[in-house]
Amino acid sequence: MENDELIKLPVSLASEVVRQLNNFHRINKWKECCGCEYKSGELTKEDLEKLKNFTFTKEELGKIWKLNIVNASAGDLKNIAELFPNLRILSVESSSDDAYQVPRNVSSIGDEDIDSIGKCRSLENLTIANQARITDIDLSQLPKLREANISNNTNLVAISGIDKLPELDSLTCYGNEGRQEIKNLDKAIVQNKEKLKRIDLDVQLFPKAIGYNHLDGTYNQEAMDAIEYINGGIRKGSSRIKTDDKVTWTESLNILSNITIGTHSMLEMHNKACQILHEILPPNNFSTVDAVVAVEKYLAENVTYADDACNQPSRTLGGYTAPGRPGNVRMMISYEKGINGAYDCLMHNECVCQGYTRGERYLLGLKGIKTSEVNCIGGKDTLGLADPKNYNDDTFNPSLPKGAYHSIIRIDDYYCLYSDPCWNATYYQRGDKSMPYTLLTKEEISKDHILSFREAGISYNNTSQVKRSKIKESFEKSVKHNALFKNLGASDVKAQRASLQQDVMGIVRGANGRTY
Amino acid sequence: MEEHINKSQVYAEVYAALSALGGEYIRKTPQKVLDVIADRRDKQYGQKFDENTPLNEKTLSKEAIAMLASLKLDYWCKTASEKQTLQDLLSLHDKKRSKQPLSKDNKKA
């Protein structure tokens, strides 16, 4: 890139750069490029069109130290590291809802952009929020990073390099993809305990934060001590959002609101969860299905639906309307009582659907079973939001019903089958103990659940979505038409059948005495 | 894929294949069989079969393909003729194998 080269930027970036140049460096690009007055506030469509043709010098971009980018698209930030060598503060946020907005209307940067952000070596403060098309973040090349806020990125699976940030003093991380892997989280907390002044992590991340070993139930005492040290002790009663705890645990309700509990409450919940598992499962020799069935039965027997939550203002503190959802939908949310959270499910034995899902997720997570929270709407699925064909159809424009927004669980470690612990509990408590909503296929659960777009295959861009569908389609064909088996002999099959049967018989005669 | 893999890796491949095939195939397979595959699979090894990995003779081991064939014969075939077609294909291959001439090296020996 030559020094005098004129650089065009994507609109989401250009509008912010123009604002920063005007506010901090007295450079009026509107006047320079269009001969008009500086435009502040919301820009019109025409303004945005004009911005596409604005050009910037390398020197101008080198002046930028702060960017607050809203509703960027995949590819908008793919060169951010080279374009802005002096960037110290970066915030990338989006207002869209990838569960219920048609995919073409979802604003999000992609993995190419996040790779480039990971190379902005001057960054001190980074916020990445509600970016549905990113899958992993590597922070290891950001040695100056002091504040990291990574939240509500619904497909974000892995965050790495957190243990390579010597300056980190504030870490916020919640509401990311259910299986979120923060590599060496406990190690990072121990290493940075003198620097870290504030930690706000997802409730589901607590076991990772203390290095909990799901095989033997041990944990990293140093990490627990470091959490206590950073928190300035662990105070009883530090339970709710008004806490002055330095280490808090959060469950995201949507991009606008959260349930937050203090470390004492988190510990209480964790210990209760361990106790529950101790009572309902043998220490080992149980299958994934054993665990799922036992946990759902426990919830059905012990946790009741908070029916009154919808009607009592003191418990709901006013319903709200989530972006992309019908205007009159009143969500059942209580900031005070947290009835959508795992804490109320496990500690108060009362919650709404999302509480059941999160309580189950926490319990299964302690046994190393990976799960995801699934957004859906009650009712027969006639919309097909989760159908990959619709997901990729640019003309698809469904009208969402005004029914109840609901939450269920996907057992990722067991063929991605679905359970609805809330409906199971409701049936169970009315006398039907058959647990009809346990481990159902997508087809089965869709008979009375409208799954959200996220279940179409969960992806960061449409191209890979199409690719995945094609892979599945071609594999199914090769099984159906025997193409996959063309080089096999009967003896090969016989050997594998015998091997499988041997293990099946071993399980049937298992030491725990369970039969199937 | 010719390299030899262990049993838990075979289960990891069959698990990935079943997950890709989805509901209809999973529903037809007995739960105790699904449990063995899910619980005894090598999860670490299974990570190489993400949703973007094509599943075919090049990426799956012969053992995994053979186990899938046994599942098809035992649980997935809808009709007797569908089952017979696969059995015939497998027998044909066995026959071909037995009729194959000795390799040059073997002849020399």
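Just so we're clear, the structure is a prediction, and the values are computed from it rather than from any experiment.

## Quick word on the overall build of chain B
Line of reasoning, step 1. Helix and strand counts for chain B stand at seven helices and zero strands.
Line of reasoning, step 2. Burial analysis of chain B (109 residues in total) assigns 44% to the buried set.
Line of reasoning, step 3. If you take every contact in chain B between residues at least 6 apart in sequence, the share linking residues at least 24 apart comes to 70%.
Line of reasoning, step 4. Of the roughly 5900 Å² of accessible surface on chain B, 50% is carried by carbon and sulfur atoms.

## What to know about the overall build of chain A
Line of reasoning, step 1. For chain A, the count of helices and strands is 19 helices and 19 strands.
Line of reasoning, step 2. Taking all 516 residues of chain A together, the buried fraction comes to 53%.
Line of reasoning, step 3. Accessible area of chain A: about 22200 Å², with a carbon and sulfur share of 47%.

## Thoughts on the interface of chain B and chain A
Line of reasoning, step 1. Chain B puts 55 residues into the contact, and the matching count from chain A is 45 residues.
Line of reasoning, step 2. Where chain B abuts chain A, roughly 4600 Å² becomes buried across the two surfaces, and 56% of that area is made up of carbon and sulfur atoms.
Line of reasoning, step 3. Close ionic contact of A:Glu444 with B:Arg27 constitutes a salt bridge, the shortest N to O distance being 3.8 Å.
Line of reasoning, step 4. Here chain B and chain A share 24 residue pairs in polar contact (both at pLDDT 80 or more) between them.
Line of reasoning, step 5. Here the residues of the side of chain B that touches chain A are counted per class, giving 29 nonpolar, nine polar and 17 charged.

## Comments concerning a negative patch on the surface
Line of reasoning, step 1. A contiguous patch of negative charge on the surface is contributed by A:Glu112, A:Asp115, A:Asp136 and A:Asp138.
Line of reasoning, step 2. Of note, A:Glu112 is situated in helix H6 (residues 111–117).

## Some words on the nonpolar core
Buried together is how nonpolar side chains tend to be arranged in soluble globular proteins.
Line of reasoning, step 1. Judged by nonpolar contacts, the single largest core of 145 residues is most densely connected at A:Phe84 and A:Ile117.
Line of reasoning, step 2. Here the element with the most residues in this core is helix H1 (residues 7–21) of chain B; it accounts for ten residues.
Line of reasoning, step 3. Beyond its immediate stretch of four places on either side in the chain, A:Phe84 contacts A:Leu9, A:Leu13, A:Val17, A:Leu61, A:Ile64 and A:Leu67.
Line of reasoning, step 4. Residues A:Ile377, A:Leu385, A:Leu400 and A:Phe453 belong to the second largest nonpolar core, which totals 13 residues.

## Side note on the packing of helix H11 (residues 288–302) of chain A against helix H16 (residues 421–429) of chain A
All names here are of chain A.
Line of reasoning, step 1. Two elements in contact, H11 and H16, have axes separated by 8 Å at closest approach and are oriented at 50°. With respect to H16, the element H11 is oriented oblique. Of the two elements, H11 crosses H16, and the hand of that crossing is right-handed. Between H11 and H16, the contacting residues are Glu296, Lys297, Leu299, Ala300 and Glu301 on the first element and Pro421, Asn424, Ala425, Tyr428 and Gln429 on the second.

## Side note on the packing of aromatic side chains
Line of reasoning, step 1. Following the criterion strictly, the structure yields eleven aromatic pairs over all chains and no others.
Line of reasoning, step 2. Both rings, one in A:Tyr100 and one in A:Tyr405, keep their centres 4.9 Å apart while their planes meet at 80°; by these two values the pair is edge-to-face. Remark: A:Tyr405 occurs in strand S17 (residues 405–411) and A:Tyr100 occurs in the loop between strand S4 (89–93) and H6; sequence separation between them is 305 residues. The pair A:Tyr100 / A:Tyr405 is uniform in exposure class, with both members buried.
Line of reasoning, step 3. Aromatic side chains B:Tyr25 and B:Trp76 sit 5.0 Å apart centroid to centroid with 90° between the ring planes, which places their arrangement in the edge-to-face category. Of the two residues, B:Tyr25 is situated in helix H2 (residues 23–28) and B:Trp76 in helix H5 (residues 62–76); the sequence distance between them amounts to 51 residues. B:Trp76 carries the same exposure label as B:Tyr25, and that label is buried.
Line of reasoning, step 4. An aromatic cluster is defined as three or more aromatic residues linked by ring pairs; in this entry it consists of A:Tyr414, A:Tyr415 and B:Tyr15.

## Thoughts on the side chain of A:Glu60
Line of reasoning, step 1. Mapped onto the secondary structure, A:Glu60 falls in helix H4 (residues 58–63).
Line of reasoning, step 2. Apart from the residues lying within four places of it in its own chain, the contact partners of A:Glu60 are A:Leu21, A:Ile27, A:Lys29, A:Glu32 and A:Thr55.

## Section: the confidence of the model for chain B
All names here are of chain B.
Line of reasoning, step 1. When the pLDDT values of chain B are averaged, the result is 85; 87% of them are 70 or greater.
Line of reasoning, step 2. The secondary structure element of chain B with the lowest average pLDDT is helix H7 (residues 104–108), at 46, and the one with the highest is H5, at 95.
Line of reasoning, step 3. Among the prediction metrics, the complex's ipTM stands at 0.85, with pTM recorded as 0.82.

## A word on the environment of A:Glu194
Line of reasoning, step 1. Its location among the elements puts A:Glu194 in the loop between helix H7 (185–191) and strand S11 (198–202).
Line of reasoning, step 2. Of the polar contacts made by the side chain of A:Glu194, one reaches the side chain of A:Tyr229; its length is 2.9 Å.

## Remarks on the pairing of strand S9 (residues 170–174) of chain A
Residue and element names in this part refer to chain A.
Line of reasoning, step 1. Extensive coverage of S9 is indicated by the burial of five of its five residues.
Line of reasoning, step 2. Neither face of S9 is exposed, since Ser170, Thr172 and Tyr174 on one face and Leu171 and Cys173 on the opposite face are all buried.
Line of reasoning, step 3. One ladder, built from five bridges, connects strand S7 (residues 147–151) with S9; its direction is parallel. The residue of S9 that forms the bridge with Asn149 is Thr172.
Line of reasoning, step 4. Alignment of S9 against S11, held across four bridges, turns out to be parallel. If you follow Cys173 over to S11, its bridge partner there is Leu201.

## A word on the environment of A:Gln20
Line of reasoning, step 1. Locating A:Gln20 in the fold gives a position in helix H1 (residues 11–25).
Line of reasoning, step 2. Not counting residues up to four positions away in its chain, the partners in contact with A:Gln20 are A:His25, A:Ile64, A:Lys66 and A:Leu67.

## Things to note about the pattern of salt bridges
Line of reasoning, step 1. For the structure shown, the criterion picks out 24 salt bridges over all chains.
Line of reasoning, step 2. Here A:Lys29 and A:Glu60 are joined by a salt bridge, their closest N and O atoms 2.9 Å apart. Highlighted residues: A:Lys29 in helix H2 (residues 29–34) and A:Glu60 in helix H4, separated in sequence by 31 residues. The same class applies to A:Lys29 as to A:Glu60, namely buried.
Line of reasoning, step 3. Here A:Asp413 and B:Arg41 are joined by a salt bridge, their closest N and O atoms 3.0 Å apart. Note that A:Asp413 is positioned in the loop between S17 and strand S18 (417–419) and B:Arg41 in the loop between helix H3 (31–40) and helix H4 (43–46), a pairing that runs across two chains. Each member of the pair, A:Asp413 as well as B:Arg41, carries the same accessibility label: buried.

## Examining the sheet that holds strand S10 (residues 181–182) of chain A
Within a beta sheet, neighbouring strands are joined by backbone hydrogen bonds and run either parallel or antiparallel to one another.
Residue and element names in this part refer to chain A.
Line of reasoning, step 1. Taken in spatial order, the three strands of this open sheet run S6-S8-S10, and their pairing is parallel. Each edge of the sheet is formed by a strand with only one pairing partner; in this case those strands are strand S6 (136–138) and S10.
Line of reasoning, step 2. Here S6 runs beside strand S8 (residues 158–160); their pairing, made up of three bridges, is parallel. Residue Asp138 lies in a different strand from S8, and its bridge partner there is Ser160.

## Some thoughts on the pairing of strand S3 (residues 66–70) of chain A
Side-chain positions along a regular strand alternate between the two faces of the sheet.
Residues and elements named next belong to chain A.
Line of reasoning, step 1. Every second residue of S3 is oriented toward a common face, the buried set being Leu67 and Ile69 and the non-buried set Lys66, Asn68 and Val70.
Line of reasoning, step 2. In this sheet, S4 lies alongside S3 in parallel orientation, the contact comprising five bridges. Residue Asn68 lies in a different strand from S4, and its bridge partner there is Ser91.

About the criteria used
Within each chain, residue numbers correspond to sequence positions counted from 1 in written order. Each chain gets a letter, beginning with A, and each ligand a number, beginning with 1, in the order they are written. Restriction of local features to residues with pLDDT of at least 70 applies here, the model being predicted, together with a cutoff of 80 or more for giving and counting side-chain atom pairs; totals for whole chains, interfaces and linings are based on all residues. To obtain the side-chain values, all non-hydrogen atoms of the structure were used and water was disregarded. Comment: elements are numbered from the N terminus, with helices defined as DSSP H or I runs of at least four residues and strands as E runs of at least two. When accessible area is computed with a 1.4 Å probe and restricted to protein chains, residues below 20% of their type maximum are described as buried, those above 50% as exposed, and intermediate ones as partly exposed. The criterion used for residue contact is that any of the two residues' heavy atoms lie within 4.5 Å. Only the protein chains shown count as covering a residue, and every accessible area follows the Shrake-Rupley method with a 1.4 Å probe. Buried area: the accessible area, evaluated with a 1.4 Å probe, that two parts lose upon being put together, summed over both parts. What makes a salt bridge here is a side-chain nitrogen of Lys or Arg within 4 Å of a carboxyl oxygen of Asp or Glu, nothing more. Each polar contact in these results corresponds to two N or O atoms within 3.5 Å; when the atoms are within protein, one needs to be able to donate a hydrogen and the other to accept it, and residues that are neighboring in sequence are counted only if both atoms are side-chain atoms. Three categories are distinguished: nonpolar for Ala, Val, Leu, Ile, Met, Phe, Trp, Tyr, Cys and Pro, charged for Asp, Glu, Lys and Arg, and polar for the others, with Gly belonging to the last. Patches here are clusters of residues that have more than 30% relative accessible area and form no salt bridge, with a 9 Å joining cutoff for like charges and a 5 Å cutoff for nonpolar side chains (Val, Leu, Ile, Met, Phe, Trp, Tyr). All tallies of charge rest on Lys and Arg as positive and Asp and Glu as negative; His and the ends of each chain are not included. Lysine's charge is taken at NZ, arginine's at CZ, aspartate's at CG and glutamate's at CD. Throughout, nonpolar core names a set of buried Ala, Val, Leu, Ile, Met, Phe, Trp, Tyr and Cys residues whose side chains join them through atoms within 4.5 Å. Lines fitted to C-alpha atoms define the axes here, with helix axes fitted over just the stretch in contact, and angles between the N-to-C directions of these axes take values from 0 to 180 degrees. By definition in this entry, angles of less than 35 degrees are roughly parallel, angles greater than 145 are roughly antiparallel, angles of 65 to 115 are roughly perpendicular, and the rest are oblique. Definitions for this section: a left-handed crossing has its near helix turned counterclockwise from the far helix by less than a right angle. A right-handed crossing has that turn clockwise. Classification of ring pairs uses Phe, Tyr and Trp, with its six-membered ring standing for Trp, and accepts pairs whose centres are within 6.5 Å; under 30 degrees between planes counts as stacked, over 60 as edge-to-face, and the remaining range as tilted. pLDDT expresses, on a scale from 0 to 100, how confident the predictor is about each individual residue. Two strands form a pair only when DSSP identifies at least two bridges running between them.

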